[in-house]
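Tertiary structure, described
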Amino acid sequence: MIAKELVVIGGGPAGLCAAIAAAESGSRVLILDRSARLGGQLIKQTHKFFGSENQYAKTRGFDIAKILLSRVDTFADLIEIWVEATVVALYPDKVLTVVQDGKYIKIQAKAIVVAAGASEKFLAFENNDLPGVYGAGAVQTLMNVYGVRPADRVLMVGSGNIGLIVSYQLMQAGVKVAAIVEAAPRIGGYKVHASKIARLGVPILTSTTVLRAVGETCVKQAVTVKLDPAWKPIPGTESVHDVDAICVAVGLTPLTSLLAMAGAMTSYIPELGGYAPILTDEHESTLADVFVAGDAAGVEEASSAMVEGRLAGLCAAKRLGYPHADFDDIVSECHAQLAGLRNGPFGCKTCAGIAKMREVRDHAR
Ligand SMILES: Cc1cc2nc3c(=O)[nH]c(=O)nc-3n(C[C@H](O)[C@H](O)[C@H](O)COP(=O)(O)OP(=O)(O)OC[C@H]3O[C@@H](n4cnc5c(N)ncnc54)[C@H](O)[C@@H]3O)c2cc1C
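**With respect to the overall build of the chain**
When you go through the chain residue by residue, the secondary structure sums to nine helices and 19 strands. Rg of the C-alpha trace for the chain: 21 Å, near the compact-globule value of 21 Å for 365 residues, within the 12% margin. The dimensions of the chain, computed from C-alpha atoms along their principal axes, are 65 × 45 × 35 Å. Counting only residues that meet the buried cut, the chain has 51% of its 365 residues in that class. Taking the contacts inside the chain whose residues are at least 6 apart along the sequence as the reference set, 60% of them involve residues at least 24 apart. Accessible surface computed for the chain: about 16400 Å², of which carbon and sulfur atoms make up 54%. Charge separation in the chain, taken as the distance between the mean sites of 35 positive and 36 negative side-chain charges, equals 4 Å.

Dropping the structure here:
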């Protein structure tokens, strides 16, 4: 068994900021990531980010990853990094099982920050297991990490920011987007992204969903259908689209499986993306010394993931006996930044989710 001070699970924006904050405070940190490269979702994002200047708004996602990684590098004496290291188990006594190079490694941590991000939600429809039915994250990984064009003609399902941005990136890669279908009566993502797509001639069909994929061994067509106000398919409104891929972008759900395995309390909070951990205002879970940040705490954005990571990293380091010299000021600044980031039209949903999470927490006390 290897003993470590602070272990951060996940090297996306939340995990990197947690590690930087903890190292700034003087703690030793081990970052574990299952991918070959650190940066999480950021390394797939070629567009300029929204958010606030403090969290690198107007900078492309992969450039934000480079900035964070260069800050991690300045703490080379304190921050250790293991890549292609998947945490497959977490126990209540803060023991982790990690698989790396086919070997199982046990680590005893004094404190942990879980920053594992989110997983994609999927949709039930006929033939959704045919090759050519992708999640939007898989499409982005293929195109923007491995340089592989996933298809020639795609039907996008979901008009949230991810559906809109991935549609644009598909077009940049020379892929025709036949249409974007959206079950809700209105477009889910930012108007600026939707307008850009509409200007490029892609129809965004609201109150419409995918009914089935057609094909024997791979997708050859997609059938869509209009929905009534109760979201029931309207017979006779089916349309057939000649596509070789269907890309599903219907939201994300926090990756809480490790927390649940260790016995941390979670609750179903749709506004946060599904089952979300119950946390203190310092982002500590119901397991002492196990903190959670970023999409794993509730699906939001990279900007809030970075602030939550900083908060969790500072609080974990303090618990380990390394209080940052400006701890109180930085913690107040983090809370103010989170309030500012959640102050927009999309932030209401997160605020409602956090209010529900606090209700569950207070009730459980
Ligand atoms: C298409 C798209 C566009 C976006 N645009 C914006 C935008 O404009 N502005 C914005 O602010 N946000 C944007 N986001 C959201 C943003 O990317 C995420 O909110 C953010 O990356 C969440 O950060 P995170 O660190 O919590 O998780 P992630 O970035 O998902 O990182 C989690 C990391 O944990 C690792 N991991 C997971 N499980 C394990 C395990 N068991 N063991 C080891 N490692 C593990 C993963 O490999 C990953 O590296 C966008 C997202 C997408 C998909």
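**A word on the site of the ligand**
The immediate surroundings of the ligand are formed by 32 residues, with Asp33, Gln41, Val87, Asp295 and Ala302 found nearest. A distance of 2.9 Å separates an oxygen atom of the ligand from a polar atom in the backbone of Ala302. Within the backbone of Ser303, one N or O atom sits 3.2 Å away from an oxygen atom of the ligand. Relative to its unbound accessible surface of 1000 Å², the ligand loses 94% to contact with the protein. Looking at the shell around the ligand, the elements with two or more residues in it are helix 1 (13–25), strand 4 (85–90), helix 4 (161–172) and helix 7 (302–319).

**So, the domain arrangement of the chain**
Often the size quoted for an interface is simply the accessible area lost on bringing the parts together. Taken domain by domain, the chain comprises domain 1 (2–119 + 252–364) and domain 2 (122–248). Contact between domain 1 and domain 2 buries roughly 980 Å² in total, counting both sides, with carbon and sulfur atoms accounting for 59%. Broken down residue by residue, the surface that domain 1 buries against domain 2 is led by Lys44, Phe50 and Phe346, which jointly contribute 54%. Run the count over domain 1 and domain 2 and you get zero salt bridges. The tally of links from domain 1 across to domain 2 stands at four residue pairs in polar contact (both at pLDDT 80 or more).

**A short note on the sheet that holds strand 15 (residues 245–248)**
A sheet is described by the order of its strands in space; here five strands give the open sequence 8-15-9-10-11, paired in parallel fashion. On the outer flanks of this sheet lie strand 8 (133–135) and strand 11 (204–205), each paired with one strand and no other. Sheet analysis places strand 8 next to strand 15, joined by three bridges and oriented parallel. By the bridge assignment for strand 15, Val133 is matched with Ile246. Those strands touched by helix 3 (residues 136–145) are strand 8 and strand 15, and its axis lies near 85° from that of strand 8.

**Some remarks on the packing of aromatic side chains**
Tallied over the full model, the rule gives one aromatic pair. A cation over an aromatic ring shows up here: Lys196 above the ring of Tyr168, its NZ or CZ 4.2 Å from the ring centre.

**Concerning the pattern of salt bridges**
Under the definition given, this model contains 14 salt bridges. A salt bridge links Lys4 to Glu80; its shortest N-O distance comes to 2.7 Å. Of this pair, Lys4 sits in strand 1 (residues 2–9) while Glu80 sits in strand 3 (residues 79–82), and the two are 76 residues apart along the sequence. A relative accessible area of 32% places Glu80 in the partly exposed class. Across the pair Asp281 and Arg358 runs a salt bridge, and its minimum N-O distance is 3.4 Å.

**Some remarks on helix 4**
Over its 12 residues, helix 4 extends 16 Å from the first C-alpha to the last, a length consistent with the 16 Å expected when each residue adds 1.5 Å. Those residues of helix 4 that are buried lie in contact with helix 3, strand 9 (153–157), strand 10 (176–181), helix 5 (191–199), strand 11 and strand 15. Positive phi shows up at Gly174, right after helix 4, with a value of about 85°.

**Some words on the pairing of strand 2 (residues 29–32)**
Side chains of strand 2 alternate between two faces, with Val29 and Ile31 and Leu30 and Leu32 buried alike. Taken together, the four bridges between strand 1 and strand 2 define a ladder with parallel strand orientation. Looking at the pairing, Ile9 lines up with Leu32 of strand 2. Following the backbone out of strand 1, through helix 1 and into the adjacent parallel strand 2, one traces a crossover that is right-handed.

**Side note on the pairing of strand 5 (residues 95–100)**
Most of strand 5 sits inside the fold, with five of its six residues counted as buried. Here strand 5 pairs with strand 6 (residues 103–114) via six bridges, running antiparallel. Across the sheet, the residue bridging to Val95 is Gln108, located in strand 6. Where strand 5 folds back onto strand 6 in an antiparallel hairpin, the turn is made up of two residues, including Asp101, whose phi is positive at roughly 55°.

**Some thoughts on the packing of helix 1 against helix 2 (residues 61–73)**
One way to put it is that helix 1 packs onto helix 2 with a least axis distance of 10 Å and a crossing angle of 30°. In terms of their interaxial angle, helix 1 and helix 2 are classed as roughly parallel. Here the hand of the crossing between helix 1 and helix 2 comes out left-handed. Contacts between helix 1 and helix 2 involve Pro13, Leu16, Cys17, Ile20 and Glu24 from the first element and Leu68, Leu69, Arg71 and Val72 from the second. A class-by-class count of the residues in the contact of helix 1 with helix 2 yields seven nonpolar, no polar and two charged.

Conventions we followed
- Numbers given to residues run from 1 along each chain, matching the order in which its sequence is written.
- Residue-level local features of this predicted model are given only where pLDDT is at least 70; pairs of side-chain atoms are given and counted only at 80 or more, and the full residue set underlies all totals for whole chains, interfaces and linings.
- Heavy atoms throughout the structure, all of them, feed into the side-chain values; hydrogens and water do not.
- Labels follow the DSSP assignment, with helices taken as runs of H or I lasting at least four residues and strands as runs of E lasting at least two, numbered in each case from the N terminus.
- Note that the radius of gyration is over C-alpha atoms, with the globule rule given as 2.2 Å times the number of residues to the power 0.38.
- Relative accessibility thresholds used throughout: buried, under 20% of the residue-type maximum; exposed, over 50%; partly exposed, between the two (1.4 Å probe, protein chains only).
- Between two residues, a contact is recorded if the distance between any of their heavy atoms is within 4.5 Å.
- Note on areas: Shrake-Rupley with a 1.4 Å probe; residue coverage comes only from the protein chains shown.
- This count recognises Lys and Arg as positive and Asp and Glu as negative, with His and chain-terminal groups excluded.
- The atom standing in for a charge is NZ when the residue is Lys, CZ when it is Arg, CG when it is Asp and CD when it is Glu.
- Here a residue is considered near a molecule or strand provided that any single heavy atom belonging to it is located within 4 Å of it.
- Nitrogen and oxygen atoms within 3.5 Å of one another constitute a polar contact, given that in protein one can donate a hydrogen and the other can accept it, and given that sequence-neighbouring residues count only through two side-chain atoms.
- Each domain span listed reflects an automatic or database assignment of domains.
- By convention, the term buried area covers the 1.4 Å-probe accessible surface removed from two parts as they join, with the contributions of both added.
- Salt bridge criterion: a side-chain nitrogen from Lys or Arg within 4 Å of a carboxyl oxygen from Asp or Glu.
- DSSP bridges decide pairing: two strands pair if at least two such bridges lie between them.
- Only C-alpha atoms enter the line fits that serve as axes; for helices the fit covers just the stretch in contact. Angles between N-to-C directions range over 0 to 180 degrees.
- Pairing of aromatic rings covers Phe, Tyr and the six-membered ring of Trp, with a centre-to-centre limit of 6.5 Å; geometry is then stacked below 30 degrees between planes, edge-to-face above 60, and tilted otherwise.
- Distance and angle both matter: a charge sits over a ring if NZ of Lys or CZ of Arg is within 6 Å of the ring centre and within 35 degrees of the ring normal.
- One less than the residue count of a helix, multiplied by 1.5 Å, gives the span that helix is expected to have.
- When the strands point away from the viewer and the path from the first strand over the helix to the second turns clockwise, the crossover is right-handed.
- An angle below 35 degrees is read as roughly parallel, one above 145 as roughly antiparallel, one from 65 to 115 as roughly perpendicular, and any other as oblique.
- Crossing handedness is read from the near helix: turned anticlockwise from the far helix by less than a right angle, it gives a left-handed crossing, and turned clockwise, a right-handed one.
- Throughout this entry, Asp, Glu, Lys and Arg are counted as charged residues, while Ala, Val, Leu, Ile, Met, Phe, Trp, Tyr, Cys and Pro are counted as nonpolar. The remaining residues, Gly among them, count as polar.

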